[in-house]
Amino acid sequence: MNTIITILLFITPFVFINAQDTTKVDAPKIICKLKAGNTIEFDSKSLKFVKVIEDSRCPSGVDCMWAGEVKILIGFYENNSLIEEKEFVFSGKAGTPNDLKEIMLLDKKTVYGYSISPYPSSENTIDPSAYSLELIVK
């Protein structure tokens, strides 16, 4: 009987050591806020959050039938020359990792739009320069 207990005491720690989580983890993400009118650079490429075209998101403190959306304009540059401007639409709901919008492809990275802040309120209006585009680079 003592032999069985000794064996169990010897084997038990190895069972727990091998029970480590083996879940694969994605590469770290870089999250940044790009204010309206500002540019972020990636080597010879860059993108500029030009402006908010329309913000029809349902303000906080109000009951709406539709969550609304926010439409923004982004400029794409290469070597400081404008290549194109493109509109992106984000839903009125708060951004979730499943709602990422691919904004720009780079050599080894992708830039995704995550959400637009601040969220509208029924109590005040948003100054156009106060908007920020939240970006994830991975």
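Structure first, text after, so check above.
Along each chain, residues carry numbers from 1 onward, in the same order as the chain's sequence is written. Local features in this predicted model are restricted to residues of pLDDT 70 or higher, and side-chain atom pairs are both shown and tallied only at a pLDDT of 80 or more, whereas totals for entire chains, interfaces and linings draw on every residue. The basis for the side-chain values is all heavy atoms of the structure; hydrogens and waters are excluded.

## A closer look at the pairing of strand β6 (residues 101-105)
The pairing criterion for strands is at least two bridges between them, as found by DSSP. Each helix is a run of DSSP H or I of at least 4 residues and each strand a run of E of at least 2, with the numbering of both proceeding from the N terminus. Bridging between β6 and strand β7 (residues 110-117) involves 4 bridges; their strand directions are antiparallel. Across the sheet, the residue bridging to E102 is Y112, located in β7. The turn linking β6 back onto β7 is made up of 4 residues.

## Section: the sheet that holds strand β3 (residues 45-55)
Spatially, β2-β3-β4-β5 is the arrangement adopted by the 4 strands of the open sheet, whose pairing is antiparallel. In this open sheet, the two strands that pair with only one neighbour each are β2 (39-42) and β5 (81-91). Pairwise comparison of adjacent strand axes, ignoring direction, gives a mean angle of 25° for this sheet. In terms of strand pairing, β2 meets β3 through 4 bridges, oriented antiparallel. Convention adopted: a line fitted to C-alpha atoms gives each axis, helices being fitted over their contacting stretch, and angles between N-to-C directions are expressed from 0 to 180 degrees.

## Regarding the environment of I136
Residue position: I136 is located in strand β8 (residues 132-137). For every residue, the accessible area (1.4 Å probe, protein chains only) is compared with the maximum for its type, and the residue is labelled buried under 20%, exposed over 50%, or partly exposed between those bounds. When its relative accessible area of 6% is taken as the criterion, I136 is described as buried. The spatial distance from the C-alpha of I136 to the C-alpha of C32 is 6.6 Å, given a sequence separation of 104 residues.

## As for the pattern of salt bridges
We count a salt bridge whenever a side-chain nitrogen from Lys or Arg sits within 4 Å of a carboxyl oxygen from Asp or Glu. Under the defined criterion, the tally for this structure stands at 1 salt bridge. The residue D55 makes a salt bridge to R57 at a minimum N-O spacing of 2.8 Å. Its relative accessible area of 6% is what places R57 among the buried residues.

## Quick look at the pairing of strand β4 (residues 69-78)
Consecutive residues of a regular strand have side chains that alternate between opposite faces of the sheet. Counting buried positions along β4 gives 7 out of 10 residues, so the element sits mostly inside the fold. The pairing of β3 with β4 spans 9 bridges and is antiparallel. Looking across to β4, one finds that V52 is bridged to I72. Looking at chain direction, β4 and β5 are connected through 10 bridges and run antiparallel. Its bridge partner lying in β5, G75 is registered against E85. Hairpin connection of β4 to β5: 2 residues between the antiparallel strands, including N79 at a positive phi of 50°.

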